[in-house]
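Survey of secondary and tertiary structure
As a plain string of letters, each chain reads:
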Amino acid sequence: MPWPIHRPRRLRDHPGLRELIRETKVSPADLIYPIFVVSGQKIKKPIPSLPDQYHLSPDLAAALAQDFAKKGGKALILFGIPDHKDDKGASGAEAQGPVPLAIKAIKDKVPDLVVITDVCLCEYTSHGHCGLVEKGQVLNDPTLPLLAEQALAHAQAGADMVAPSDMMDGRVGAIRQTLDAAGYENIPIMAYSAKYASGFYGPFRDAAGSAPAFGDRKGYQMDPANRLEARLEVELDLAEGADIVMVKPAGYYLDIVREIRDLTNRPVAAYQVSGEMAMIKAASQIGVLDYKTVVLESLVSIKRAGADLILTYFAPEVLPWL
Ligand code: PBG
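I will try to describe carefully the structure that is included in this document.

Criteria and thresholds
Along each chain, residues carry numbers from 1 onward, in the same order as the chain's sequence is written. Selection of residues for local features in this predicted model requires a pLDDT of at least 70, selection of side-chain atom pairs for listing and counting requires 80 or more, and totals for whole chains, interfaces and linings are taken over all residues. As a rule here, side-chain values come from all non-hydrogen atoms in the structure, and water together with hydrogens is ignored. Here a helix means four or more residues in a row that DSSP labels H or I, a strand means two or more in a row labelled E, and each is numbered from the N terminus. As defined in this context, the radius of gyration uses C-alpha atoms, and a globule is described by 2.2 Å times the residue total to the power 0.38. Here the term buried applies to any residue with accessible area under 20% of the maximum for its type, exposed to any over 50%, and partly exposed to those in between, with areas from a 1.4 Å probe on protein chains only. Should any heavy atoms of two residues lie within 4.5 Å, those residues are considered in contact. For the accessible areas, the method is Shrake-Rupley and the probe is 1.4 Å, while residue cover comes only from the protein chains on display. Under the convention used here, Asp and Glu are negative, Lys and Arg are positive, and both His and the chain ends fall outside the count. A single reference atom marks each charge: NZ on Lys, CZ on Arg, CG on Asp, CD on Glu. Think of a 1 Å grid over the protein atoms and nothing else: a 1.4 Å probe that fits but is trapped marks a cavity, an open set flanked by protein within 12 Å on at least five of seven lines marks a pocket, and residues with an atom within 4 Å of a point count as lining. Grid points are joined across faces, edges and corners, and a volume is the space filled by probe spheres set on the points. We call Asp, Glu, Lys and Arg charged. Ala, Val, Leu, Ile, Met, Phe, Trp, Tyr, Cys and Pro are nonpolar, and the rest, Gly among them, are polar. It suffices for a single heavy atom of a residue to lie within 4 Å of a molecule or strand for the residue to be listed as near it. Definition of a polar contact: a pair of N or O atoms within 3.5 Å, with one able to donate and the other able to accept a hydrogen when the atoms are protein atoms, and with sequence-neighbouring residues admitted only if both atoms are side-chain atoms. To decide whether a molecule occupies a pocket or cavity, check its atoms: if more than half lie within 2 Å of the grid points, it is inside.

Concerning the overall build of the protein chain
When helices and strands are counted, the protein chain shows 11 helices and 12 strands. On C-alpha atoms alone, the protein chain measures out to a radius of gyration of 20 Å, which is about the 20 Å that the 2.2 N^0.38 rule sets for 322 residues. Dimensions of the protein chain, computed from the C-alpha atoms along their principal axes, are close to 75 × 45 × 40 Å. The 322 residues of the protein chain split such that 52% are buried. The contacts of the protein chain with a sequence gap of at least 6 include a subset with a gap of at least 24, amounting to 74%. Accessible surface, the protein chain: about 14,700 Å² in total, of which carbon and sulfur atoms supply 53%. Counting 35 positive and 40 negative side-chain charges, the protein chain places the averaged centre of each group 8 Å from the other.

Structural data, given as structure tokens:
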């Protein structure tokens, strides 16, 4: 008998055959594009730490949303940068804040686009922590009503889904109760469930001006060394009513994405964070990586690991490549 009998290369030679047997495909409907919104009009200010991302006023956020939808984009997630910050993050729940106004402007122009909002205090607090602070401690339970109020303000403005990213215990339940009590029982919650205390958020914190003024986030975000704890976080969020669970960051946490995929039948999202993008951009700029190849590889890897949805700054750029 000739040897070898099995030659996996037979199915690799022809590009068409390769496509026929491709196991994982990234499609436009998998991608959620994060954008940063501010108050005002006609503002489109580049964010130095996040190449190709902008601070956008609601009118120009709507214009960008329209452009994104024309290219085949399906969903955005909004981050608000308020005019004023205080120690309680009160501006996060204002009906006239940048996020509610941007939701309305986007919904006016592109009603079919899915508009998701990030819910957290860190963009709105003067100290940059994701919860209320007392004597250097980030308080859990007193933070919950503030997060719930913010989520409600987003739902009232027309958000299609809210996404709490603060990592306080019990916040999914608190938000669910508040939304339900106000008649928003059909607004889903995408929970940042396994969110790690990662060094890869650096560029985002510059963009949002949300770096903690003291200490770090290790008291509420997860230790990168822990896998079983990610299962626990997801189980708790699901028990509290989360509709979609998220792992964040994505690229260095593909084992966790797979773990969570195998744990639940709910949709799993993964957030390819600012530092993951920054590394790819920087390495491509100095000519050591081919940009398009590695961007697509990074996304297909996140899907292959088990993510149904990917939050990624590359979204508008990759749409024409898919
Ligand atoms: C916090 C939040 C962060 C990101 C999304 N939501 C930053 C943090 O936890 O410090 C990071 C996103 C990124 O790095 O792209 N509300």
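Concerning empty space enclosed by the protein
Empty space among the atoms can be located by rolling a probe the size of a water molecule over them. For the coordinates displayed, the defined rule picks out two cavities of 30 Å³ or more. Estimates place the volume of the largest cavity at around 90 Å³. Every residue lining the largest cavity is counted, 15 residues in all, and those nearest its centre are Cys122, Lys195, Phe204, Arg217 and Lys248. Taken together, the residues that form the lining of the largest cavity break down as six nonpolar, three polar and six charged. Approximately 50 Å³ is the volume found for the second largest cavity. Along the lines of polarity and charge, the residues of the lining of the second largest cavity split into six nonpolar, one polar and one charged.

Examining the site of the ligand
Within the structure, the ligand sits among 18 residues, and Lys195, Arg205, Lys248, Ser274 and Tyr313 are positioned closest to it. Arginine 217 places a polar side-chain atom, nitrogen or oxygen, 2.9 Å from an oxygen atom of the ligand. Expressed as a share of its isolated accessible area of 400 Å², the protein-covered part of the ligand is 100%. Applying the majority rule of atoms within 2 Å of the grid points places the ligand in the largest cavity. Of the residues in the shell around the ligand, the class split is nine nonpolar, three polar and six charged.

Section: the layout of surface pockets
Put simply, the largest pocket is a space of about 290 Å³. Along its surface, the largest pocket is lined by 20 residues, and Val138, Lys218, Gly219, Tyr220 and Gln221 are the ones closest to its centre. Breaking the lining of the largest pocket down by element, the ones donating at least two residues are strand 7 (137–138) and helix 7 (228–239). Taken together, the residues of the lining of the largest pocket break down into seven nonpolar, seven polar and six charged. What lines the second largest pocket is simply Glu19, Arg22, Thr24, Lys25, Val26, Leu296, Glu297, Val300, Trp321 and Leu322. Tallying contributions element by element places helix 10 (residues 291–304) first for the lining of the second largest pocket, with three residues. Residue composition of the lining of the second largest pocket, by class: five nonpolar, one polar and four charged.

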